[in-house]
Amino acid sequence: MTTIAYRDKTLAADSKISDYDSMSATYMRKIFKITVSEYNKQSETLNDNSYLVGIVGDMYAGLRFIKWLQTKNEGDKEFLQGLTDDYFFEAITINEDGEVDLYNNFLEPLRLGKTNFYALGSGSKIAMALLDYGASLEDTIKYAKKYDMNTGGDTHIVSFNS
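Summarised in this report is the structure supplied together with it.

**With respect to the overall build of the chain**
- Assigned secondary structure in the chain consists of four helices and 11 strands.
- Expected size for 162 residues packed as a compact globule is a radius of gyration near 15 Å; at 16 Å, the chain falls within 12% of this value.
- Across its three principal directions, the C-alpha atoms of the chain cover 50 × 35 × 25 Å.
- Looking at the chain residue by residue over its 162 residues, the buried ones come to 44%.
- Here the analysis covers contacts within the chain between residues at least 6 apart in sequence; of these, 56% occur between residues at least 24 apart.
- When the accessible area of the chain is evaluated, it comes to approximately 9,000 Å², of which 48% is carbon and sulfur surface.

Structural data, given as structure tokens:
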């Protein structure tokens, strides 16, 4: 799977993609900073809002989720909600105010609000302990790579702070 860690409007993640049917692995980016155009009913305006997004699980489904998040396309929604457990994904989104939401194939957000830190993926227990201890995001991913066999490759970081 992977490890994604969050703290202070910043996401960090490894880049390893594991194929559970073999010992092979590939590498890709799993965290992104995206812009979503959203309609504000109060002011009757279209606003561009930025989000940090991290995806774990099936990467194809996770990338389709990002597309859905940006467009709210009904076809993408039906596709994601119709996936079997073999294509399960989880996602974390953070808005510019630091509010954290969790998603999965059902596309109903679990709103965590403003939380100090959070982690997703196969290395999330390791990451949560390190974050609670006060470790940096870089060290959190470093040690998740050491102790979780499905976490590896390069470390990527995206942030609202830079």
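**Observations concerning the packing of helix α1 (residues 59-71) against helix α2 (residues 74-81)**
- At a minimum axis distance of 9 Å, the contact between α1 and α2 shows a crossing angle of 145°. In the packing of α1 onto α2, the handedness of the crossing is left-handed. On the side of α1, the interface is formed by Y60, A61, R64, F65, K67, W68 and T71, while α2 contributes G75, D76, K77, F79 and L80.
- Its residues placed into classes, the contact of α1 with α2 shows six nonpolar, two polar and four charged.

Thresholds, definitions, all that
- The written sequence of each chain sets the order in which its residues are numbered from 1.
- This being a predicted model, a pLDDT of at least 70 is required before a residue's local features are given, and a value of 80 or more before pairs of side-chain atoms are given or counted; all residues contribute to the totals for chains, interfaces and linings.
- Hydrogen atoms and water are omitted, and side-chain values are computed over all heavy atoms in the structure.
- Helix and strand assignments come from DSSP, with helices taken as H or I runs of at least 4 residues and strands as E runs of at least 2, each series counted from the N terminus.
- With C-alpha atoms as the basis for the radius of gyration, the globule rule is written as 2.2 Å multiplied by the number of residues raised to the power 0.38.
- Per-residue accessibility, obtained with a 1.4 Å probe over protein chains only, is compared with the maximum for each type, and a residue is labelled buried under 20%, exposed over 50%, and partly exposed between these values.
- Whether two residues are in contact is decided by their heavy atoms: any pair within 4.5 Å suffices.
- To be clear on the numbers: accessible area is Shrake-Rupley with a 1.4 Å probe, and residue cover counts the displayed protein chains and nothing else.
- Helix axes are fitted only over the stretch in contact, all axes being lines through C-alpha atoms; the angle between N-to-C directions runs from 0 to 180 degrees.
- Take the far helix as the reference: if the near one is turned anticlockwise from it by less than a right angle, the crossing is left-handed, and if turned clockwise, right-handed.
- Amino acids are sorted into nonpolar (Ala, Val, Leu, Ile, Met, Phe, Trp, Tyr, Cys and Pro), charged (Asp, Glu, Lys and Arg) and polar (every other residue, Gly among them).

Purely spatial values, then, with no claim about function.
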